[in-house]
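Working through the structure, step by step
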Amino acid sequence: MTAPNWVKYNGPEPKPEMFPTEETLTYEFPGTRYTSGRILVKWYDGGRKPPRELAQMGVQESGRDKGKPRELPSNGSLFIGTRGVLMCPHGGGPQLFPAENFKGLDRPSLKGWDHYMIWTNAIKGDGKTNCPFAYAGLLTETVLLGVIASRVPEQRLNWDSEKLRFTNSDKANSFVREDYRRGWEVKGLS
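Summary of the structure given here. (Residues numbered from 1 in each chain as written. Predicted model: local features only at pLDDT ≥ 70, side-chain atom pairs only at ≥ 80, totals over all residues. Heavy atoms only, no water.)

1. A few points about the overall build of the protein
Regarding its fold elements, the protein presents three helices and eight strands. Each helix and strand of the protein, placed in order from N terminus to C terminus, yields the pattern β-β-β-β-β-β-α-α-β-β-α. Taken over C-alpha atoms, the radius of gyration comes to 20 Å for the protein, far larger than the 16 Å a tight globule of 190 residues would show. With the C-alpha coordinates aligned to their principal axes, the bounding extent of the protein is approximately 65 × 45 × 35 Å. In the protein, which comprises 190 residues, the share counted as buried stands at 23%. Put simply, 36% of the contacts in the protein that link residues at least 6 apart link residues at least 24 apart. (Helix = DSSP H or I, 4+ residues; strand = E, 2+ residues; numbered from the N terminus. Rg over C-alpha atoms; globule rule 2.2 N^0.38 Å. Buried < 20%, exposed > 50% of the residue type's maximum accessible area, 1.4 Å probe, protein only. Contact = heavy atoms within 4.5 Å.)

2. Quick look at the packing of aromatic side chains
Overall, the coordinates contain two aromatic pairs when judged by the stated rule. Seen in terms of ring centroids, Y27 and F29 are 6.0 Å apart; in terms of plane orientation they differ by 35°. Their pairing is tilted. Here F29 falls in the buried class, since its relative accessible area comes to 4%. (Phe/Tyr/Trp six-rings, centres within 6.5 Å; stacked < 30°, edge-to-face > 60°.)

3. Considering the side chain of T142
Residue placement: T142 occurs in helix α2 (residues 133-149). Given a relative accessible area of 10%, T142 falls into the buried group. Setting aside residues up to four positions removed in sequence, T142 forms contacts with P4, Y27 and F29.

4. Topic: the environment of F97
For F97, the location among the structural elements is in strand β6 (residues 95-97). Considered as a pair, F97 and G58 are 39 residues apart in the sequence and their alpha carbons are 7.9 Å apart. Residue contacts for F97: discarding those within four places in its chain leaves A55, Q56, M57, R70, G84, V85, M87 and F102.

5. What about the nonpolar core?
Of all hydrophobic cores here, the largest spans 15 residues; its most connected members are V7, A149, L157, F166 and A172. Of all elements in the fold, only β1 (6-10), β2 (23-29), α2 and β7 (157-160) reach the threshold of two or more residues within this core. Once you skip the residues sitting within four places of it in the chain, V7 turns out to touch T26, Y27, L145, G146, A149, Q155, R156, L157 and F166. Grouped together as the second largest cluster of nonpolar side chains are five residues, M57, L72, M87 and F97 included. (Core = buried A, V, L, I, M, F, W, Y, C linked by side-chain atoms within 4.5 Å.)

6. Some words on the pairing of β1
The sheet contact formed by β1 and β2 spans five bridges and is antiparallel. Within β2, the residue paired with N10 across the bridge is T24. (Pairing = 2+ DSSP bridges.)

7. Some details on the sheet that holds β2
If you walk across this open sheet you meet the five strands as β3-β2-β1-β7-β8, and the pairing is antiparallel. Single-partner strands in this sheet number two, and they are β3 (39-45) and β8 (165-166). As paired elements, β7 and β8 share two bridges and run antiparallel to each other. In the strand pairing of β8, D160 is matched with R165. α2 contacts β1, β2, β7 and β8 of the sheet and is inclined by roughly 130° relative to β2. (Axes fitted to C-alpha atoms, helices over the stretch in contact; angles between N-to-C directions.)

8. Here's the deal with the sheet that holds β6
Sheet architecture is open: three strands sit in the order β4-β5-β6, paired in antiparallel fashion. Looking along the sheet, the strands with just one partner apiece sit at the ends: β4 (76-80) and β6. Adjacent strand axes in the sheet meet at a mean angle of 20° when their direction is disregarded. Bridge analysis of β4 against strand β5 (residues 85-89) gives five bridges, and the strand direction is antiparallel.

As structure tokens, then:
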């Protein structure tokens, strides 16, 4: 994916000295050759979670909670597709829901896949990271746009990545670049 088209913050009124205690950020990205159109991404933080129904997880199939609705993990990702949902709990293996849509699917093993070790090995010159700067730069841009959006609540902020500016908010643009004191300028940023 590339940089987002826009971002919008929903959460408590911002405080100038700190990040919000909870939030929901919504981003729209341009579609890719793998999608049927635009891509909406929602980021929930501070105890907020997406509606449980989105995960299509069904009920517990065994144990003392058999028959009770499965709960979303406290951290993770949901990828919502046309046939179901891929849930990736933080620190756990991916799960597909509704399970009946994916019976018999051959899933690759994640055994031996440790991104900390991959990163460490790349530093030593053994292989490459699985998150090169070409990817990490766009990810950082996206995250920082969310930080700025939290300063301009409930407004959809349209982003022009090439010009590094919002096209519809002077207030949001005031957070994009820093005014440096004379002698402390940074070439390319000042």
